[in-house]
Every structure is written in structure tokens, then in C-alpha cells.
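Letter by letter, the chains look like this.
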Amino acid sequence: QVQLVESGGGLVQPGGSLRLSCVASGSIFTIGAMAWYRQAPGQQRELVASITSGSSTRYADSVKGRFTISRDNAKNTVYMQMNSLKPEDTAVYYCNLNLRTDWNSPWLSFWGQGTQVTVSS
């Protein structure tokens, strides 16, 4: 069994910063791509940022230059530093990891439980 635990969300004023973390634990052989998604009320879940096992990154246009995704393979953790936050960044943020549970298992996708980020004055 694999569990993903997110932390770091909260209430912040416009222009402020937050750092999200997502730690994976359990039966993990190797982790591939990691990503952060978000879902605002009444809207579809959207990809915010992703990072490959080789640390190549991609960002949604709306967050480029403000958000930075990173990973610590030794800790099975993915981070997202969010700066210059705007009210439109308000959403529930979810981490997503693709991993293998042992040497001959297929790649599986796991989701965190979500953490609320609210940007408001």
C-alpha cells in the first residue's frame, strides 16, 4: 500500500508565498514523474506543474515564473514553492505520483488527499 500525505496549504494574502509538500510512503520501488494539480470550485482539475525523474520541469502558463516544483528522491517527496500568489490561485491542490511498487510491477498513479490554498485579503 502506498500513501501520499500533503501539507503546506493555508490562507495567504495576495503577493504572499506558500510551500506545498507531498511525501510518499509504503511499498515503493521507484518513483517516476511527480506533479501538482489543482481544482477550483466548479472547475475541472488542471495540471499546475510536473517534474520527471530526471528533474525536467513543466508549468502551466498561469504559474510560470511564480511557482517552482522540485523533488527529493531520497525522501520520496515533491515540493512546490508558490510565490506572488494571486486570488485566482485559490484551489485545492493535489499531488500525483507515478511509481512502481516492486521491480516487475507496472507504473501506477497515486493521488494525495488534497490541501486547500486560499489567497485572499
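Heads up: the structure comes first, above all this text.
About the cut-offs
Residues numbered from 1 in each chain as written. Predicted model: local features only at pLDDT ≥ 70, side-chain atom pairs only at ≥ 80, totals over all residues. Heavy atoms only, no water. Helix = DSSP H or I, 4+ residues; strand = E, 2+ residues; numbered from the N terminus. Rg over C-alpha atoms; globule rule 2.2 N^0.38 Å. Buried < 20%, exposed > 50% of the residue type's maximum accessible area, 1.4 Å probe, protein only. Contact = heavy atoms within 4.5 Å. Areas by Shrake-Rupley, 256 points an atom, 1.4 Å probe, with all protein chains shown as cover. Phe/Tyr/Trp six-rings, centres within 6.5 Å; stacked < 30°, edge-to-face > 60°. Lys NZ or Arg CZ within 6 Å of the ring centre and 35° of its normal. Pairing = 2+ DSSP bridges. Polar contact = N/O pair within 3.5 Å; in protein donor to acceptor, adjacent residues only side chain to side chain.

A. View of the overall build of the protein chain. Along its length, the protein chain carries zero helices and eleven strands. Relative to the globule expectation of 14 Å for 121 residues, the C-alpha radius of gyration of the protein chain, 14 Å, shows essentially globular dimensions. Referenced to the eigenvectors of the C-alpha coordinate spread, the extents of the protein chain come out at roughly 50 × 25 × 25 Å. For the protein chain, the residues scored as buried account for 40% of the 121 residues in total. Long-range contacts, defined as pairs at least 24 residues apart, comprise 55% of the intrachain contacts of the protein chain with a sequence gap of at least 6. Working note: accessible area of the protein chain is about 6,400 Å², and carbon and sulfur atoms make up 47% of it.

B. Highlighting unusual backbone geometry. Backbone geometry at Ser55 places phi at a positive 70 degrees, although glycine is not the residue there. In this structure, Ser55 sits in the loop between strand E5 (46-51) and strand E6 (57-59). With a relative accessible area of 44%, Ser55 lands in the partly exposed category. The backbone of Asn76 sits at a positive phi, close to 50 degrees, despite the residue not being glycine. Structurally, Asn76 is set in the loop between strand E7 (67-72) and strand E8 (77-82).

C. Up close: the packing of aromatic side chains. Taken as a whole, this structure holds one aromatic pair when the rule is applied. The ring of Tyr79 carries the charged tip of Arg19 above its face, separated from the ring centre by 4.0 Å. Against the face of Trp111 rests Arg45, its NZ or CZ located 4.7 Å from the ring centre.

D. Region of the structure containing the pairing of strand E1 (residues 2-7). Of the two faces of E1, only one is covered, namely that formed by Val2, Leu4 and Glu6; the face formed by Gln3, Val5 and Ser7 stays uncovered. Bridge analysis of E1 against strand E3 (residues 18-26) gives six bridges, and the strand direction is antiparallel. Bridge pairing in E3 links Gln3 to Ser25.

E. Looking closely at the side chain of Asp89. If you trace the backbone, Asp89 turns up in the loop between E8 and strand E9 (91-100). Classification of Asp89 as buried rests on a relative accessible area of 1%. Those residues within four positions of Asp89 in sequence are excluded, and the remaining contacts are Arg38, Arg66, Phe67, Ser84, Val117 and Val119.

F. Structural view of the side chain of Arg38. Along the chain, Arg38 turns up in strand E4 (residues 30-39). Here Glu46 takes part through its side chain, which lies 2.7 Å from a polar atom of the side chain of Arg38. A distance of 3.0 Å separates a polar atom in the side chain of Arg38 from a polar atom in the side chain of Asp89. Those residues within four positions of Arg38 in sequence are excluded, and the remaining contacts are Gln44, Arg45, Glu46, Val48, Ser62, Val63, Phe67, Glu88, Asp89, Ala91, Val92 and Tyr93.

None of this, on its own, says anything about what the molecule does.
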